[in-house]
Amino acid sequence: MIVLGVESSCDETGLALYDTERGLLSHALHSQVAMHEEYGGVVPELASRDHIRRALPLLEQTLDKAGIAKSDIDAVAYTQGPGLAGALLVGSSVACSLALALDKPVLGVHHLEGHLLSPLLASERPDFPFIALLVSGGHTQLMRVDGVGRYTLLGETLDDAAGEAFDKSAKLLGLGYPGGPAISRLAEFGDPTAYTLPRPMLHSKDFNFSFSGLKTAVLTVVKNHEQKVVANICEQDKANIARGFVDAIVDVLTAKCVNALRHTGLKRLVIAGGVGANAQLRASLNAAAAKRKFRVFYPELEFCTDNGAMIAFAGALRLERNPELATRDYAFNVRPRWPLDELEAA
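Keep in mind it's a predicted model, so treat the numbers as computed, not measured.

**As for the UniProt feature "binding site: substrate" (unreviewed entry) in the chain**
Listed under "binding site: substrate" (unreviewed entry) in the UniProt record, and renumbered for this structure, are Leu134, Val135, Ser136, Gly137, Gly138, Asp167, Gly180 and Asn278. Assignment of secondary structure puts Gly138 in the loop between strand S6 (130-135) and strand S7 (140-147). Positionally, Gly180 belongs in helix H6 (residues 179-187).

**What about unusual backbone geometry?**
Across the junction of Gly81 and Pro82, the peptide omega takes the value -10°, indicating a cis bond. The amide bond that connects Phe128 to the next residue, Pro129, takes the cis arrangement and shows omega of -5°. Its location among the elements puts Pro129 in the loop between helix H4 (111-117) and S6. Positioned with a positive phi, Asp103 is a non-glycine residue whose angle comes to about 60°. Along the chain, Asp103 turns up in the loop between helix H3 (85-102) and strand S5 (106-110). Look at Lys293: it is not a glycine, yet its phi comes out positive at around 65°. Relative to the helices and strands, Lys293 is located in the loop between helix H9 (279-292) and strand S10 (295-297).

**Notes on the pattern of salt bridges**
As enumerated under the stated definition, the model contains 17 salt bridges in all. Notably, a salt bridge pairs Arg144 with Asp146, separated by 3.0 Å at the nearest N-O pair. Residue classification places Asp146 among the partly exposed positions, given a relative accessible area of 22%. Linking Arg335 and Glu342 is a salt bridge whose minimum nitrogen-to-oxygen distance equals 2.8 Å. Look at the salt bridges and you will find they share partners, linking Asp160, Glu164, Lys168 and Lys215 into a network.

**Overview of the packing of aromatic side chains**
For the structure on display, the rule yields four aromatic pairs. Measuring from centroid to centroid gives 5.4 Å for Phe128 and Phe130, while their planes differ by 20°, and the two rings are stacked. We classify Phe128 as partly exposed; its relative accessible area is 29%. By relative accessible area, which is 1% here, Phe130 ends up buried. Ring plane angle 25° and centroid distance 5.9 Å describe the contact between Phe209 and Phe211, whose orientation is recorded as stacked. Of the two residues, Phe209 and Phe211, both sit in the buried class.

**Structural notes on the layout of surface pockets**
Any empty space left between atoms is shown by rolling a water-sized probe over those atoms. Put simply, the second largest pocket is a space of about 240 Å³. Considering the residues around the second largest pocket, the lining is formed by 13 residues, among which Leu107, Gly108, Arg318, Trp338 and Leu343 are closest to the centre. Here the residues of the lining of the second largest pocket sort into five nonpolar, three polar and five charged.

Parameters at a glance
Residues numbered from 1 in each chain as written. Predicted model: local features only at pLDDT ≥ 70, side-chain atom pairs only at ≥ 80, totals over all residues. Heavy atoms only, no water. UniProt positions renumbered as here; feature names shortened; annotations may be inferred. Helix = DSSP H or I, 4+ residues; strand = E, 2+ residues; numbered from the N terminus. Salt bridge = Lys/Arg side-chain N within 4 Å of Asp/Glu carboxyl O. Buried < 20%, exposed > 50% of the residue type's maximum accessible area, 1.4 Å probe, protein only. Phe/Tyr/Trp six-rings, centres within 6.5 Å; stacked < 30°, edge-to-face > 60°. 1 Å grid on protein atoms, 1.4 Å probe; cavity = no way out; pocket = protein on both sides within 12 Å on 5 of 7 lines; lining within 4 Å. Points joined across faces, edges and corners; volume = space filled by probe spheres on them. Nonpolar A, V, L, I, M, F, W, Y, C, P; charged D, E, K, R; others polar.

Structure below.
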């Protein structure tokens, strides 16, 4: 069975083809980062319009790479939510219109389920059950994953997500958008002893997170700096602040993951979402895994951010287990807010 995946939840347009027998056939992705950079963040209306321009050319590119025709597609999966409503509507309309034209079944996929299952696309894939840290610009959650659709929420952020804290703190340092990768690169040149920033909820007895206080701590350091103006802070001091921030957030994420593994008795940890590409986080988790004898699995770097491959894959896994999930009712709806625990097991 060949499944076409369509992703358009925010600022990436992604399409992919996944074959349940041969694996991932092809994928194509367009990022809108350059377009949104001058605004310092995602502009929903511009995002939606760009998805319209990109979807069909990316479809042709994906088909050409795979060497198949539209008629070879057996089902179409699309991101139904959560995400930006307008952006979701573009991908949903493209997917359902194409499925209608081809007389193929269609399936709405939960965006976060795509991220959770994306490490299964890697050459070294974990077996169920495992603990998953879903960490991105919009979400920071610890989940127990017992199978497709069998997710138990252990803890989540009470305020800012980790990726959001990265972006906001980078902006305070004048690093622009997107801030996460920029502040991580800058932190590599920082002195880890220069600034000791708070580790929110590090010693709490649950698996929840809070990062708004850490962001505020960065703001306080910047404001208290003797130069008072971000633009006049020397590059080394910016690097030191960045290092203090990154070390704090990585320490919290690592500790919570280790505690969740200890609590459940599981020995497999999966990292999913855009922050999963962070080099400092990967190094910290790898060190903890070597010390505490558990295994940690990551998506391929190209599948850490939003992409069509994870949607095609998640859709294919669900359809393999229950083909009746797909529908030929092409009257679509989107779910900008869609708690993951509302998903049914496949």
